[in-house]
Amino acid sequence: AANPRTPDLRTRLPVEGVAVVLVLDVSGSMAERDYGPPAGPTVSRLEAAKTAFKRFVAGDGGSLPGRPDDPIGLVTLANVPR
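Worth saying up front: this structure is predicted, and the values here are computed from it rather than measured.

What counts, and at which threshold
Each chain has its residues counted from 1, running along the sequence as written. The predicted nature of this model means local features are confined to residues of pLDDT at least 70 and side-chain atom pairs, given and counted, to a pLDDT of 80 or more, with totals for whole chains, interfaces and linings taken over all residues. With hydrogens and water excluded, all non-hydrogen atoms of the structure serve as input to the side-chain values. Helix and strand definitions here come from DSSP, where helices need a minimum of 4 consecutive H or I residues and strands a minimum of 2 consecutive E residues; each element is numbered from the N-terminal end. Restricting the calculation to C-alpha atoms gives the radius of gyration, and the globule rule supplies 2.2 Å times the number of residues raised to the power 0.38. When checking whether two residues touch, look at their non-hydrogen atoms; a contact exists if any pair is within 4.5 Å. Each residue after the first adds 1.5 Å to the expected span of a helix. When DSSP finds at least two bridges between two strands, those strands are taken to pair. Only protein chains enter the accessibility calculation, which uses a 1.4 Å probe. A residue is then buried if its area is under 20% of the maximum for its type, exposed if over 50%, and partly exposed in between.

1. Comments concerning the overall build of the protein
Right, on to step 1. A tally of helices and strands in the protein yields 1 helix and 2 strands.
Right, on to step 2. Beginning at the N terminus, the succession of helices and strands in the protein can be written as β-α-β.
Right, on to step 3. Relative to the 2.2 N^0.38 estimate, which gives 12 Å for 82 residues, the radius of gyration of the protein is 18 Å and therefore markedly larger than a compact globule would have.
Right, on to step 4. Taken over the C-alpha atoms alone, the protein extends approximately 55 × 35 × 15 Å along its principal axes.
Right, on to step 5. Expressed as a percentage of contacts within the protein between residues at least 6 apart in sequence, the contacts between residues at least 24 apart total 48%.

What follows is the structure, encoded as structure tokens:
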């Protein structure tokens with residue numbers, strides 16, 4: 001699967017998009033439950049980041065339209081990137 005491939009020009013689809021790479025800290029400090037509204041329940045930093053990532057990629061039906069045509073990568077890191 002890793003060897004070079006010849007593209008099939010007959011099945012190409014014209015699509016415009018922007019390549020996006022998101023970096024997410026998954027270290028122990030992300031477990032702190034200190035994110036949320038002042039009067040509401042708090043969530044962990046990691047859960048807040050996951051929610052923001054999902055809204056950015058899939059959209060929220062409102063101000064965030066989602067990224068259906070964009071290639072998106074995710075890099076996680078703690079002590080070293082993985």
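2. Focus: helix α1 (residues 45–58)
Right, on to step 1. Spanning 14 residues, α1 covers 20 Å between terminal C-alpha atoms, matching the ideal 20 Å at 1.5 Å per step.
Right, on to step 2. Phi turns positive, to about 90°, at G59, one or two residues after α1.

3. Here's the deal with the pairing of strand β2 (residues 72–77)
Right, on to step 1. Here 6 bridges tie strand β1 (residues 20–25) to β2, and the two strands are oriented parallel to one another. Bridge pairing in β2 links V21 to G73.

4. Structural notes on the side chain of S44
Right, on to step 1. With respect to the helices and strands, S44 occurs in the loop between β1 and α1.
Right, on to step 2. Its relative accessible area of 10% is what places S44 among the buried residues.
Right, on to step 3. Among all residues touching S44, those that are not within four sequence positions of it are M30, A31, E32 and R33.

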